[in-house]
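Fold and geometry: a report
This is what each chain is made of:
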Amino acid sequence: AQSVAQPEDQVNVAEGNPLTVKCTYSVSGNPYLFWYVQYPNRGLQFLLKYITGDNLVKGSYGFEAEFNKSQTSFHLKKPSALVSDSALYFCAVRPLNQAGTALIFGKGTTLSVSS
Amino acid sequence: DAGVTQSPTHLIKTRGQHVTLRCSPISGHKSVSWYQQVLGQGPQFIFQYYEKEERGRGNFPDRFSARQFPNYSSELNVNALLLGDSALYLCASRSDSGLADTQYFGPGTRLTVL
């Protein structure tokens, strides 16, 4: 079965430190990869996506993500965390071997940035 | 431009009732998808509609149905509600400009089944 894994339920970092939120996937072929962020009682906000090309993708609010095909990973990173980055982060993949545009999501990682 | 809008924001129903959730996509977007997000989990795909036709269906029972209207807005219907249907229901829209285009999500409808 196709799946997305976010191995950490929670990531804690101090403001100003770099952060990494991990994501690995098990999908046949070369899927499209996405990161979304969810603030309390809100929908999902798009951060960035990888389609093809450079393995380092830059997105909104200073976030970037690194695609690693051999490790089937797409980790989200930011060089310097802000308290306002505290939220729930979801990794998602869109398999290309199926009809439609359904996204498969991980279970989410809560990022907590302390001041 | 307005983003994806959903109504109502919150809804409380009792077991066995029926519910209709509504979604208006971003202007110019022709594809609408529905997702269910149970507390503590990631969203799960329910349906995708494009140009009023169903293009994808997730692993949900037949109690769940949807449709898309000529103005590309969409409704999600759930019959014979169960306690387990309590969740945040998210609608997402995307343009048809290419395979790689992004899905943009609305704020969701919080459904509570008592």
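The preceding data block contains the structure.
Keep in mind that this is a model prediction, so the values were computed, not measured. (Residues numbered from 1 in each chain as written. Chains lettered and ligands numbered in written order. Predicted model: local features only at pLDDT ≥ 70, side-chain atom pairs only at ≥ 80, totals over all residues. Heavy atoms only, no water.)

Observations regarding the overall build of chain B
Along the backbone of chain B there are zero helices and 11 strands. In sequence order, the secondary structure elements of chain B are arranged as β-β-β-β-β-β-β-β-β-β-β. Over its C-alpha atoms chain B spans a radius of gyration of 13 Å, differing by no more than 12% from the 13 Å that the globule rule assigns to 114 residues. In terms of principal-axis extent, the alpha carbons of chain B reach across some 40 × 25 × 25 Å. A burial count over chain B gives 51% of its 114 residues as buried. (Helix = DSSP H or I, 4+ residues; strand = E, 2+ residues; numbered from the N terminus. Rg over C-alpha atoms; globule rule 2.2 N^0.38 Å. Buried < 20%, exposed > 50% of the residue type's maximum accessible area, 1.4 Å probe, protein only.)

Digging into the interface of chain A and chain B
Taken together, the contact pairs 20 residues of chain A with 22 residues of chain B. Regarding the contact of chain A and chain B, the summed buried area is about 1,600 Å², with carbon and sulfur atoms giving 54% of it. Three residues stand out in chain A for area buried against chain B, namely Leu44, Thr101 and Phe105 of chain A, and they jointly supply 28% of the buried area on that side. Linking chain A with chain B are zero salt bridges, by the criterion used here. Summed over the shared surface of chain A and chain B, the result is four residue pairs in polar contact (both at pLDDT 80 or more). Secondary-structure elements contributing two or more residues to the side of chain A that touches chain B are β5 (32–38), β6 (44–50) and β10 (87–94) of chain A. No other element matches β5 of chain A, which puts four residues into the side of chain A that touches chain B. Its residues assigned to classes, the side of chain A that touches chain B comprises 11 nonpolar, five polar and four charged. (Contact = heavy atoms within 4.5 Å. Buried area = accessible area lost by both parts, 1.4 Å probe. Salt bridge = Lys/Arg side-chain N within 4 Å of Asp/Glu carboxyl O. Polar contact = N/O pair within 3.5 Å; in protein donor to acceptor, adjacent residues only side chain to side chain. Nonpolar A, V, L, I, M, F, W, Y, C, P; charged D, E, K, R; others polar.)

Let's talk about the side chain of Asn77 of chain B
Residues and elements named next belong to chain B. Structurally, the position occupied by Asn77 is in strand β8 (residues 74–78). Its relative accessible area of 12% is what places Asn77 among the buried residues. Within the structure, Asn77 has its side chain in polar contact with the side chain of His18 (distance 3.4 Å). Setting aside chain neighbours within four positions, we find Asn77 in contact with His18, Val19, Thr20, Arg63, Phe64 and Ser65.

Comments concerning the sheet that holds strand β7 (residues 64–68) of chain B
All names here are of chain B. One open sheet accounts for four strands, arranged β1-β3-β8-β7; its pairing is antiparallel. Looking along the sheet, the strands with just one partner apiece sit at the ends: β1 (5–7) and β7. Geometrically, the sheet is characterised by an average inter-axis angle of 15° between neighbouring strands, direction not taken into account. Here β7 runs beside β8; their pairing, made up of five bridges, is antiparallel. Its bridge partner being in β8, Gln68 is matched across the sheet by Ser74. (Pairing = 2+ DSSP bridges. Axes fitted to C-alpha atoms, helices over the stretch in contact; angles between N-to-C directions.)

Details of the environment of Ile26 of chain B
All names here are of chain B. Its location among the elements puts Ile26 in the loop between β3 (19–24) and β4 (31–37). The sequence separation of Ile26 and Arg94 amounts to 68 residues, and the corresponding C-alpha distance is 7.7 Å. Ignoring anything within four residues of it in the chain, the contact list for Ile26 reads Ala2, Gly3, Val4, Ser93 and Tyr104.

Considerations on the state of the cysteines
When the sulfur atoms of two cysteines share a covalent bond, that bond is a disulfide. The full count for this structure, using the stated rule, is two disulfides over all chains. Disulfide partner of Cys23 of chain A: Cys91 of chain A, at an S-S distance of 2.0 Å. In this structure, the disulfide formed by Cys23 of chain A and Cys91 of chain A twists by about -60° around the S-S bond and is classed as left-handed. On the criterion of sequence distance, the pair formed by Cys23 of chain A in the loop between β3 (19–21) and β4 (24–26) and Cys91 of chain A in strand β10 is long-range, its members being 68 residues apart. A sulfur-sulfur separation of 1.8 Å characterises the disulfide bridge that pairs Cys23 of chain B with Cys91 of chain B. (Disulfide = S-S within 2.5 Å.)

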